[in-house]
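Spelled out from the first residue to the last, the chains are:
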Amino acid sequence: AISSRTLPHLCLLKSRMGLDFVNGGGPMDTKPVNGDTKDLLQWLNDRRKCDLELANGTMMQGYSFGASTSVSGEVVFNTGMVGYPESLTDPSYAGQILVFTYPLVGNYGIPSDEKDPLGLPKWFESHKIHLKGVVISDYSYEPSHYSCIRSLGEWLSSQGIPGIYGVDTRAITKVIRESGSMLGKLVVQGSTPSASLEIDDPNHRNLVAEVSRKEKEVFVPVEESKRQVHVLAVDCGMKNNIIRYLVNGLGLRVTVVPWDYDFTQDSFDGLFLSNGPGDPTMCAKTVEHVKYVMKHRPDTPIFGICLGNQILALAAGASTYKMRFGNRGMNQPVVDLRTQRCYITAQNHGFAVDQTTLPQHWVPLMVNANDGTNEGIIHSSKPWFSVQFHPEAKGGPTDTDFLFNYFLQFIAEPTASVVTTMPYSVPSLYRKVLVLGSGGLTIGQAGEFDYSGSQAIKALKEAGVMSVLINPNIATVQTSAGMADRVYFLPVTPEFVVKVIEREKPDGIFAAFGGQTALNCAVKLYQAGVFEKYNVKVLGTQIDAIMKTEDRDLFSKVADACGEKIAESSCCDSVPDAITAAEKIGYPVLVRAAYALGGLGSGFAYNEEDLKKLVSVALVNSPQVIIDKSLKGWKELEYEVVRDKNDNCITVCNMENFDPMGVHTGESIVIAPSQTLSNDEYYRLRQCALKIIRHLGIVGECNIQYAVDPHSSEFRIIEVNARLSRSSALASKATGYPLAYVAAKLALGHDLVQLRNSVTRCTTACFEPSLDYVVAKVPRWDLQKFSTVDARIGSAMQSVGEVMAIGRSFEETIQKALRMVDEASLGFDPIRYDLELNRRGSVALSQGESASESLEAELKKELANPTPV
């Protein structure tokens, strides 16, 4: 794929070929398909120009996509990494030009306009795009997703919305953060020129009146509900997913009315105030109607979201104000002031409630953990409350969807108050902590666990706790002078660890910072009763939780309890048992040793003969072998998850393997964040991760891996690593979030809300980084040194290192990584690729077929036919 970022290289090629082009105005989405270089260069050169002009004089030049129409409006930014179809159809963006900080937009295209059972657009938040224009850095004109039926540019064009790409969105975001939201223009070549385009200030218009329904509409559950509850919802720009939650989720009958509808004499059990765009003071009629209900029907529950929060505050007698640049994104942390729990929320608002003006009997309900702004209000005795964020999300996380149940509880019993508790635990003080480092340097455990252990020792040093390290590796950072207080250069085995415990008498032990070797050792010590005998407390994730993740049968029960699916599998301890299990599951199967490093001894068995060979080898390395149903060809993804003792839980980074299932993660190119997940998929996997990790009781950091069917919404959990892994080191460096350091702090008893963001130093560590760049990890193999190694990648890890590259586009990032892996490489090189295919194609050549044709056909077949659901 070639994007806007590749243009400078092609321009150099153009000059060498002696080509001169004249700027034209061709559409972006008509890519030439004949593969001719001249046609491609002509197409790139002919792209329609577009300018972004800001009110402070900033001007940026880029290229147009979508409609060829010049527009003006208020320029704002959104930090979400997915969910652009949902954001573009959110009525709260009316009158605004939206800048996406994540640079790659359009990757998964646009789904169909099909309706859900309620008659609402299934994949969108309203019936049309409400914003004025779109600003992105890098446009993905070749989307990749099973639900895609058109590109983002085609969709924008069909609705008359212009877009600009090829501009520095990071620079634009900095300008807005420093100067505040400002007016601007998108001026498209061939359309209305800037001098003739008047500035449209949406803040002077009643945007709610523009986006609200014009007629009353009633929604009832598709399946008959036992609850005979009627809610009246005021549409100030109501998102479709709110209606879905109320009707499908709670089984309520919902009457949606226009913003200025007089509902004071209507009959209903609860009043809902929706989200919407603009200044809440413009909704004077709605405020007056809410005031009437509060005065004359004080037992009627009221629940507001976003603009609804501001309307309820105004009706109560408080005031609102316009924020400098607003909060728009999917990773805003808010703290519940009743419990001190922190939740990650989706937000889209430019105004906020001034909580210092709240009248008597009204108190703040939630507060933003980053900027301290109000995120919700509640009455001390009446069933009235509201929040500034979006618990229904779309796009974003649904961590706070329990608020809809609160609303229902108030309807059922208006005089009751929701019972909440403040978490409290007796502070634990530790004198000396034993840190289990990694085992000897080998494939599957090396520098990645040196990083984790070093961060853990740093956290202990800051806490004033003496650290005792067991690590046989002399050439590591964690064993260097000035790191651990005491270092034992001994193997990480139960025999040696017991001797160190007897000598040092630690009161705590870190088992999750040394990889699989340290974890296996800790499990054996726990089973032998060593920790109980010497009164050593396991800090962080407890051993019983670790055992549940390592034992396939136990983990299967955990997944079932959470309502999730894992790949069909069976644990065996002999060859006959494995044969029986494989026949029951069905070939092909993946054979892998339990408790093994880097997929040692694993492989795919297509018949009983293959199975016997693999199981025999696996049982040499492990007492147990796992037979998994093959998910070869599915997409492989993983999430890095952090949880504290108070059940605050976040996903710091998600990553997508460039290679499909069947290739070990250590052998695969890995991209962060994921590139081909829609909003629904991204947050469904995230929600599954939080559910599983909470059920296990993880405290600290872990990662969960998934297999995702490329042709449907089906997914399976592969495994959970209840420890720091090689992916943790990559995620830490990719996001700037020090996972191992935070995990050590959490193990010592801190919580995520109290800990500070290591980058900003002033905001909470309970947040999910939103990247405005792309990260690629490419493994490195030393095939010259290890000449007998099979050059084909597979389920067992053979790489001896890896590089990480960061860039503002996928092309830039992957080219950097490939050049770092091999200094002789210029990146993707078709000539070198063909030479490599021919070098490895001796079998195909002996059969009279070209190696290139044979191997490419095999590759296409593999990718085109993943294992069916």
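Residues numbered from 1 in each chain as written. Predicted model: local features only at pLDDT ≥ 70, side-chain atom pairs only at ≥ 80, totals over all residues. Heavy atoms only, no water.

So what's going on with the overall build of the chain? Residues and values would help.
The helix and strand tally for the chain stands at 25 helices and 35 strands. Here the chain, with 869 residues, has 60% of them falling under the buried criterion. Considering only intrachain contacts with a sequence separation of at least 6, the fraction spanning at least 24 residues in the chain is 71%. With an accessible surface of roughly 35,100 Å², the chain has 52% of that area assigned to carbon and sulfur atoms. (Helix = DSSP H or I, 4+ residues; strand = E, 2+ residues; numbered from the N terminus. Buried < 20%, exposed > 50% of the residue type's maximum accessible area, 1.4 Å probe, protein only. Contact = heavy atoms within 4.5 Å. Areas by Shrake-Rupley, 256 points an atom, 1.4 Å probe, with all protein chains shown as cover.)

Can you break down the pattern of salt bridges residue by residue, with the values?
Overall, the coordinates contain 34 salt bridges when judged by the stated rule. Its salt-bridge partner being Arg170, residue Asp772 comes within 2.8 Å of it at the nearest N-O pair. Here the residue Asp772 occupies a position in the loop between helix H21 (739-747) and strand E34 (774-780), and Arg170 occupies one in helix H5 (residues 169-179), the gap between them amounting to 602 residues. Asp772 gets classed as buried once you look at its relative accessible area, which sits at 18%. Given the relative accessible area of 34%, Arg170 is considered partly exposed. A salt bridge links Asp680 to Lys394; its shortest N-O distance comes to 2.9 Å. (Salt bridge = Lys/Arg side-chain N within 4 Å of Asp/Glu carboxyl O.)

Go over the sheet that holds strand E20 (residues 432-436), please, and point to the residues and values.
In spatial order, the strands read E22-E21-E20-E23-E24; together these five strands make up an open sheet with parallel pairing. Two strands close off the open sheet at either side, each with one partner strand: strand E22 (486-488) and strand E24 (537-538). Two strands pair when backbone bridges link them, and strand E21 (residues 466-470) and E22 are joined in this way by three bridges, in the parallel orientation. Along E22, the bridge assignment pairs Leu469 with Val487. (Pairing = 2+ DSSP bridges.)

Now, about the confidence of the model for the chain: what can you tell me, with residues and values included?
The share of residues in the chain with pLDDT of 70 or more is 89%, and the mean pLDDT across the chain is 88. In the model, residues 1-28 has pLDDT below 50 throughout and makes 65 contacts with residues more than four positions away in sequence or in other chains. Low pLDDT, under 50, characterises residues 842-848; the predicted model gives this stretch seven contacts beyond four residues in sequence or across chains. (pLDDT = per-residue confidence, 0-100.)

How would you summarise the pairing of strand E13 (residues 270-273) if you had to cite specific residues and measurements?
Two faces make up the sheet, and in a regular strand the side chains alternate between them. Of the two faces of E13, both are covered, the one formed by Gly270 and Phe272 as well as the one formed by Leu271 and Leu273. Inspection of the sheet shows strand E11 (residues 230-235) paired to E13 by four bridges, in the parallel sense. Across the sheet, residue Leu232 finds its bridge partner in E13, namely Leu271. Bridge count for E13 against strand E14 (residues 302-305) is three bridges, and the pairing is parallel. Pairing of Leu273 across the sheet is with Gly304, part of E14. You can see the chain leave E13, run along helix H8 (residues 284-296) and come back into E14, and the turn it takes is right-handed. (Right-handed = clockwise from strand over helix to strand, strands pointing away.)

Tell me about the sheet that holds E14, and name the residues and values.
On the basis of which strands lie adjacent, the open sheet formed by ten strands has the order E10-E12-E11-E13-E14-E19-E18-E17-E15-E16 and mixed pairing. Both edges of this open sheet fall to strand E10 (217-219) and strand E16 (342-354), since each of them pairs with a single strand only. With direction set aside, neighbouring strand axes in the sheet form an average angle of 20 degrees. (Axes fitted to C-alpha atoms, helices over the stretch in contact; angles between N-to-C directions.)

How would you explain a nonpolar patch on the surface if you had to name every residue and give the values?
Taken together, the side chains of Trp781, Leu783 and Ile793 make up a nonpolar region of the molecular surface, amounting to roughly 230 Å² of accessible area. Considering the arrangement of structural elements, one finds Ile793 in the loop between E34 and strand E35 (801-807). (Patch = residues over 30% accessible without salt bridge, like charges linked within 9 Å, V, L, I, M, F, W, Y side chains within 5 Å.)

Requested: an account of the environment of Ile806, with residues and values cited.
The residue Ile806 is located in strand E35 in this model. When its relative accessible area of 36% is taken as the criterion, Ile806 is described as partly exposed.

Provide a residue-level description of the packing of helix H15 (residues 543-550) against helix H16 (residues 552-561), including the pertinent values.
Close contact between H15 and H16 brings their axes to 5 Å; oriented N to C, the two are set at 95 degrees. Taken together, the axes of H15 and H16 lie roughly perpendicular to each other. Taking contact as the criterion, the partners of Met547, Lys548, Thr549 and Glu550 in H15 are, on H16, Arg552, Leu554, Phe555 and Val558. Classifying every residue of the contact of H15 with H16 gives four nonpolar, one polar and three charged. (Parallel < 35°, antiparallel > 145°, perpendicular 65-115°, else oblique. Nonpolar A, V, L, I, M, F, W, Y, C, P; charged D, E, K, R; others polar.)

Explain the packing of helix H17 (residues 575-585) against helix H18 (residues 608-621) to me, using residue names and the numbers behind them.
The contact between H17 and H18 brings their axes to 10 Å, and the two run at 135 degrees. Relative to H18, H17 is oriented oblique. In this structure, H17 meets H18 at a crossing whose hand is right-handed. Along its contact with H17, which presents Val575, Ala578, Ile579, Ala582 and Glu583, the element H18 presents Glu608, Leu611, Lys612, Val615, Ser616 and Leu619. Along the lines of polarity and charge, the residues of the contact of H17 with H18 split into seven nonpolar, one polar and three charged. (Left-handed = near helix turned anticlockwise from the far one by under 90°.)

Talk me through the packing of aromatic side chains; I want residue IDs and the actual numbers.
Following the criterion strictly, the structure yields 25 aromatic pairs and no others. Consider the rings of Phe65 and Tyr165, whose centres lie 6.1 Å apart with planes at 70 degrees: the pair is edge-to-face. On the criterion of sequence distance, the pair formed by Phe65 in strand E2 (residues 59-66) and Tyr165 in strand E8 (residues 162-165) is long-range, its members being 100 residues apart. Neither Phe65 nor Tyr165 differs from the other in exposure class; each is buried. Ring geometry for Phe124 against Trp155: centres 5.1 Å apart, planes inclined by 20 degrees, an arrangement best described as stacked. In this pair, Phe124 is assigned in the loop between strand E5 (104-105) and strand E6 (133-135) and Trp155 in helix H4 (residues 152-158), connecting sequence segments 31 residues apart. Across this residue pair, the class does not change: Phe124 and Trp155 are buried. (Phe/Tyr/Trp six-rings, centres within 6.5 Å; stacked < 30°, edge-to-face > 60°.)

I'd like to hear about the side chain of Thr300, residue by residue, with values.
When you line up the elements, Thr300 lands in the loop between H8 and E14. Judged by its relative accessible area of 10%, Thr300 is buried.

Can you break down unusual backbone geometry residue by residue, with the values?
When glycine is set aside, most residues are seen to have a negative phi, and most peptide bonds are trans. For the bond from Lys394 to Gly395, the omega torsion is 0 degrees, close enough to zero to count as cis. Tracing the backbone through its elements, the reader meets Gly395 in the loop between strand E19 (384-387) and helix H10 (402-412). Residue Pro673 is reached from Ala672 by a cis peptide bond, and omega for that bond is -10 degrees. Residue position: Pro673 is located in the loop between strand E31 (670-672) and helix H19 (679-696). Located in the positive-phi region is His361, a residue other than glycine, with phi close to 80 degrees. On the accessibility criterion, His361 (45% relative accessible area) is partly exposed. The backbone of Asn535 sits at a positive phi, close to 55 degrees, despite the residue not being glycine. On the basis of relative accessibility, which here comes to 64%, the residue Asn535 falls in the exposed class.

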